[in-house]
Structure formats: C-alpha cells, structure tokens
Amino acid sequence: MSEPILEARGIVKSFGRVRALRGASFTVEAGEVVALVGDNGAGKSTLVKTLAGVHQPDAGEIRFAGETVTLESPVAARQLGIEVVYQDLALAAELDPAGNLYLGQEILRSGVLGRLGFIDKPEMRRRADASFADLGVRIQDTGSPVATMSGGQRQGIAVCRAVTWASKVVFMDEPTAALGVVQTRNVLDLIKRVRDRGIAVVLISHNMPEVLEVADRIEVLRLGERVARFTRDQATLEQIIGAMTGAIRHEEETAR
Amino acid sequence: MSSASQQLPSDAEAPDEAIDGEEARPWWAALVASQSIWIGLILVGLIIAFSILRPASFVSVANGRNIATDAAVLLVLAVGQTFVIITAGIDLSVGAVLVFSGVLATRGMSAVGGNGWGTILVGLAIALGCGLGWGLINGFLVAKAKIGALIATLGTFGMALGLAQVVTGGVDQSDVPSKLVNTIGNGRLFGEIPWLVVIAFVVALVFGVLLAATRFGRHTFAVGSNEEATRRAGISVDRQLLKVYALAGALSGLAGFLSVARFATTTIAGHATDNLQSITAVVIGGTSLFGGIGSILGSVFGVFIPAVLQNGFVITGVQPFWQQVAVGAVLIAAVYLDQLRRRRRQ
C-alpha cells in the first residue's frame, strides 16, 4: 500500500491547562472519503486546525505524502493542496460567487491593465460557472451577491472554492449541519464527486447515517486520541457509538 | 470522469436554468437594485423641480458652476470616505486633516517664497504628505492597535485640528501664492469649467475605477464584507486597512490644498462638520455603514443632493436652514433603504 497522503502521528496540543489532543493520530489515504467522528470535546476541531496549519502541535509528527512537514500557517497547508471548508463557510456575502471563488487569487486582465491591478471579472465568472457546473452546484444567477443565496448554495460555493484550490485534501467541518433534506443530499453527492476527482475528503460530522453512507473509512477520536478505525464494510452504528463513548477501544495507548 | 453519468441530468438542466435566470433578471435589474441609481434619480428630480420653479436663475451656467465649485472639495473628501466606509470603518478626521494639511502647505509655500509653479508644487507635496501621514496613523490605530475606527479617528480629528491651531496660534494663514489662487483656486478650464471641479471629478473618476475594477477595490469590499473570510483567503487585512486609511488621509490632504487655493486662506474654523458632511454624502449615495457595499458614483450623487438643495432653497427664497432638515431626512431614508435591502435578502 502506498503512503497516506496526509498522516498525523501522536499529535499533542494544549491550550493553557486544557489538553485538547493527547497523542492523536489520523490517516487520510489519497482519493478516499474518511469520516472523523467523536463526541463534543473529543478534539476534532483542534486536530483539523492543526492539520490545516492554524494551530502548531506541541508534539507529534505530520506527514504529507510520506514526508515530514511543518505547517506553520494556513498558507503553508494551502500550498500543499490542503483546504478547509469551515462550518461558518467564510464567504464574503456581498461578493458574487465568482468573487468568492477567486478571493485573494483574482485573475488579472492581460497586458498593461493587468499590471495596474485590473481584474478580469468575465473570465473569473466564466471559470467559476464551469467549476459549479462541473461539481453540480446549481446557482441560477451567478451575478448576484452570495447573501441572496440559500444555505445549500452557499455550502456548494464554499466546497467548490476549496476544491478549486485543493489538489490533495479537503476538510469539511459539519457541511450538512444547517441544511435541509434535499440540500444535504446535494452536498453528499458533491462529496462523492470531489472524491472521484482523486481529492481526499475528510468529513467531520455528527450525523452517523450520513457518515455510513459516504465515508470509505471512519476514524474515531475520543478525549484527544484516536480510539478506533473502521472501513465502511466493517462499521456498524453500534460499534462507532461504542468507540465514541469509550465502550470499545481498538487502538494502542499512545504517549500521554 | 467517473461521475459523468451523475452529471448528465444537471448538465441537461443547466442551460434551461441559465435562460430562466436571464429572464428573471434582465440587464436593468442590477441597475434597479443599485441604490445609486435611485439617488441619481432623486438628484435629477430636484434639479428639474428647481428648474421649473425658477427657470431664469436656477438654470444657468453660472449657477451650475457655483453648485459644482461649492461641492468640489467635499467630493474629494467623500471619495476617500467611501473607501473607508466600504471596509465597515469610518473616518472622522477628514476635515481636521484638511485644515492641518492646508496650514502646513501654506506655511511651507510661505517659507519657500515666490509665486511660481515650483512653490505651488512644494505646497501640494506638503499637503499630500501631511494627509498621508495622518492617514497612516489612522490606519495603524485601526488595523494594528485595534482601536475602533470611530475612536481612533475622533482622536486624530482632535489632534490634527489642535496641532493646526498650535502652529498658527489659531490665526488663519493667508500668505498664499496668488498664482495658485488665480489658477487652481479660481481659474477655469477653457474659460468655463472651474479647475477645482475638473480636479474633483478626475479624482472621483480615477478612484471610482480603482474601487470598481481592480484587485485593490475588490479587497476593499471583501474586508468590509467579511474580514475573517478575507483573512482566510490569504489577504492581509491589516495592510489593506492601512492602505485605505492612508488613501483617505492623502485625499484629505489634497482637499486641504484645494481649499487653500480656493479661499486664499486656511479657513481653520470652517471644517468642523466636514466629516459628518462627507459621511452623509457617502451614505446617501448608497454605501452601507455595515461595509461591503458602495460606489463612488453614489457618493458623487450624495455630495450634489445637499449642494443642489442648498442652492435651490436660496434661489426659491426658502429659508436655507431647511436644507439641513431636508438632508437629514434624505440621510435617514437612505439608511432605511439599506436596512430594507438587507432584511429582504436574509
């Protein structure tokens, strides 16, 4: 088996006296959907932020495609092809979808105007529309501000933006938490399409039926440590819940 | 791609949706949705009303020139204020920075002596430099020191105005080169259009394009729309804020220079409410105090509505004090429109 695309080994992270991660490990294989589950306070968010370069681990190792890396900032993670869709989506509501997709990486016009900083709005819009169509994100009027759009459309735009810049791994933090039934279905389909492009998706979710549907593998975090790993075929709801609550433990104790 | 079969339905529907979208939102929809068009129509309506009431005196080249000249300096301030308000900030220091820059520019020109373009350029450089300096201080206080824009610029408002008075002992400086007063201050392009008006409109045009069509403008909107999202997109929010406040400061410096050129003196006591007037103009023009929305075109309309009202009331014999009442009402209406627009979107 080839090296995992992204791997955390024995990550320790404390905030003051709170030990959020106590030697947590996590593995993402290329082109898979892996669910990261755990009860509230298990350390999911901290682990994701550590792997996205937001937090620096106190101890432990992060490996990217088999090499040890230091993610000193979100920009460093982004340069490796790692993007995060946060729960708040981080969209600029007054900009249109294309503006959000290319925020910070605007396409400039050619020639002198481009050197003066003029942005190429039609080109960004054209490419954004193509990205949305490609991933099946439906937006009727791509010229209106994101503020006028539904929760599902916003989620689609945020995912689309992440996928546009992520070549390797996309983290999605509770992507369906605020969505209705139909919109949730669309986002789950979207996750599968992203995976089919060869980009690994890490799904953080509390919704177990959803996890069992889309995830190829499931890793369970409890009290700052990985306590169990399942493939979809092995996993049952009882086992996952058992691991989350501490009734089942597969993994060896790691350094405290 | 393995998902091709999954995409077929959406691909098949996409063109229909695009057509629906076009039908639901014709080309003029964006114009109707934009507040600056409505404000522009109000301005046109005012001009038509006063023209009908007093065709002889209101509709004349001389009167149009008066209105535009009165509005020119405020327009330069309002352009900078527009950028600041789009970042969800506010700049209360513009009038004080105008006075400070005017005073130091006059002192500088006086010290250099002479009545040539060289002296005038020295004055311009001093005014721009002073404005830029205060703008950088504002930007630093807001972006780095995290002092709210309201308090930071209220502080620099007091400091700049106070220092201008310390330097002059509170006495207006009138040693202004006559060449400056006769050309930029009161001269006209082709003998018709006052240079002050030409300069103000060139400033509005250049920075209007900068705001609407460049990366700098886009990042300005983004900071005001969602600061955290802008930061996560890898844009330096602090640097963008610093630049925006520096721009507003430099434009206040330019306005100070233009004001000295026009009045041949520093008018220290005459700019206490410039900040409120510029904010009023910007907000009437459809720029949202919550940030993320706005345009320079709207601010141009917003500057001219009070100016036309003032002039029209004088000409029609209405007590000009009513202008303040009317402008206040327009301001409240403009903000209410903005609120309605935001509520409808949620």
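Everything here concerns the structure above.
Calculation criteria
- Residues numbered from 1 in each chain as written.
- Chains lettered and ligands numbered in written order.
- Predicted model: local features only at pLDDT ≥ 70, side-chain atom pairs only at ≥ 80, totals over all residues.
- Heavy atoms only, no water.
- Salt bridge = Lys/Arg side-chain N within 4 Å of Asp/Glu carboxyl O.
- Buried < 20%, exposed > 50% of the residue type's maximum accessible area, 1.4 Å probe, protein only.
- Helix = DSSP H or I, 4+ residues; strand = E, 2+ residues; numbered from the N terminus.
- Axes fitted to C-alpha atoms, helices over the stretch in contact; angles between N-to-C directions.
- Parallel < 35°, antiparallel > 145°, perpendicular 65-115°, else oblique.
- Contact = heavy atoms within 4.5 Å.
- Nonpolar A, V, L, I, M, F, W, Y, C, P; charged D, E, K, R; others polar.
- Buried area = accessible area lost by both parts, 1.4 Å probe.
- Left-handed = near helix turned anticlockwise from the far one by under 90°.
- Arc of directions from axis to C-beta.
- Core = buried A, V, L, I, M, F, W, Y, C linked by side-chain atoms within 4.5 Å.
- Pairing = 2+ DSSP bridges.

Structural notes on the pattern of salt bridges
Should the charged atoms of two oppositely charged side chains come close, the side chains can pair. This structure, assessed with the given rule, holds 23 salt bridges over all chains. Of the charged contacts, one joins Glu61 of chain A and Arg63 of chain A as a salt bridge, the two residues approaching to 3.2 Å between their closest N and O atoms. Judged by its relative accessible area of 22%, Glu61 of chain A falls in the partly exposed class. Between Arg232 of chain B and Glu228 of chain B there is a salt bridge; the shortest N-O distance is 3.3 Å. Note that Arg232 of chain B and Glu228 of chain B are positioned in helix α12 (residues 227-232) at a spacing of four residues, about one turn of the helix. Residue class for Arg232 of chain B comes out partly exposed when judged on its relative accessible area of 24%.

Observations concerning unusual backbone geometry
All names here are of chain A. Although it is not a glycine, Leu89 sits at a positive phi angle of roughly 70°. Relative to the elements of secondary structure, Leu89 occurs in the loop between β6 (82-85) and α3 (97-101). Here Leu89 falls in the buried class, since its relative accessible area comes to 12%. Even without being a glycine, Glu174 presents a positive backbone phi close to 45°. Among the structural elements, Glu174 can be located in the loop between β7 (169-173) and α7 (181-196). Glu174 gets classed as buried once you look at its relative accessible area, which sits at 14%.

Things to note about the packing of helix α10 (residues 195-213) of chain B against helix α13 (residues 237-263) of chain B
Axes are the key here: two packed helices are described by the angle between their axes and the distance separating the axes. All names here are of chain B. Across the interface, α10 lies against α13 with an axial gap of 11 Å and an inter-helix angle of 170°. Between α10 and α13, the crossing angle belongs to the class labelled roughly antiparallel. Contacts between α10 and α13 involve Leu196, Ile199, Val203 and Phe207 from the former and Leu247, Leu251, Leu254, Leu258 and Arg262 from the latter. Considering only residue class, the contact of α10 with α13 consists of eight nonpolar, no polar and one charged.

Brief notes about the interface of chain A and chain B
By convention, interface size is frequently given as the accessible area that disappears when the constituent parts associate. Counting residues at the interface gives 33 residues for chain A, matched by 33 residues for chain B. Across the chain A/chain B interface, buried area totals approximately 2900 Å², and carbon plus sulfur atoms make up 51% of it. When the buried area of chain A at its contact with chain B is split by residue, Glu94, Leu103 and Arg138 of chain A rank highest and sum to 20% of it. In this structure, the salt-bridge partner of Asp88 of chain A is Arg232 of chain B, at a minimum N-O distance of 3.1 Å.

Topic: the packing of helix α7 (residues 117-144) of chain B against helix α8 (residues 149-168) of chain B
Residue and element names in this part refer to chain B. Viewed as axis vectors pointing N to C, α7 and α8 meet at an angle of 150°, and their least axial separation amounts to 9 Å. Judged by the angle between their axes, α7 and α8 are roughly antiparallel. Note on packing geometry: the crossing formed by α7 with α8 is right-handed. Side by side, α7 and α8 meet where Trp134, Ile137, Asn138, Leu141 and Val142 of the first sit next to Ala149, Ala152, Thr153, Thr156, Met159, Ala160 and Leu163 of the second. Considering only residue class, the contact of α7 with α8 consists of nine nonpolar, three polar and no charged.

Re helix α9 (residues 178-185) of chain B
Residues and elements named next belong to chain B. Taken together, the buried positions of α9 are occupied by Leu180, Val181, Ile184 and Gly185. The arc that holds the buried residues of α9, viewed along the axis, is 105°, so those residues lie on one side. Tucked inside the fold, the buried residues of α9 contact α6 (94-112), α7, α10 and α13.

Observations regarding the nonpolar core
Counting residues in each nonpolar core, the largest one holds 93 residues, and the members touching the most others are Val79, Phe83, Leu180, Leu251, Phe257, Val303 and Phe304 of chain B. Among the elements that line this core, the one with the most residues is helix α5 (residues 61-86) of chain B, at 15 residues. The residues contacting Leu180 of chain B, other than those within four sequence positions of it, are Met109, Ile120, Gly185, Phe257 and Ala261 of chain B. Counting 50 residues, the second largest nonpolar core, distinct from the first, contains Ile107, Val163, Ala215 and Ile240 of chain A.

Some details on the pairing of strand β2 (residues 18-28) of chain A
Burial analysis of β2 of chain A places eight of its eleven residues in the buried class, which makes it a mostly covered element. Where strand β1 (residues 6-15) of chain A hands over to β2 of chain A, the hairpin turn is made up of two residues, of which Gly16 of chain A adopts a positive phi near 60°.

Some words on the sheet that holds strand β4 (residues 59-64) of chain A
All names here are of chain A. Judged by pairing direction, the sheet is antiparallel, and its four strands sit side by side in the order β2-β1-β4-β5 without closing on themselves. Two strands in the sheet have a free side with no partner beyond their single neighbour: β2 and β5 (67-69). Across the sheet, the mean angle from the axis of one strand to that of its neighbour is 30°, orientation sign disregarded. Bridge count between β1 and β2: eight bridges; the pairing is antiparallel. Bridge pairing in β2 links Ser14 to Arg19. Across the sheet, helix α1 (residues 44-51) is in contact with β1, β2 and β4; its angle to β2 comes to roughly 65°.

Bear in mind that shape data such as this cannot, by itself, settle questions of function.
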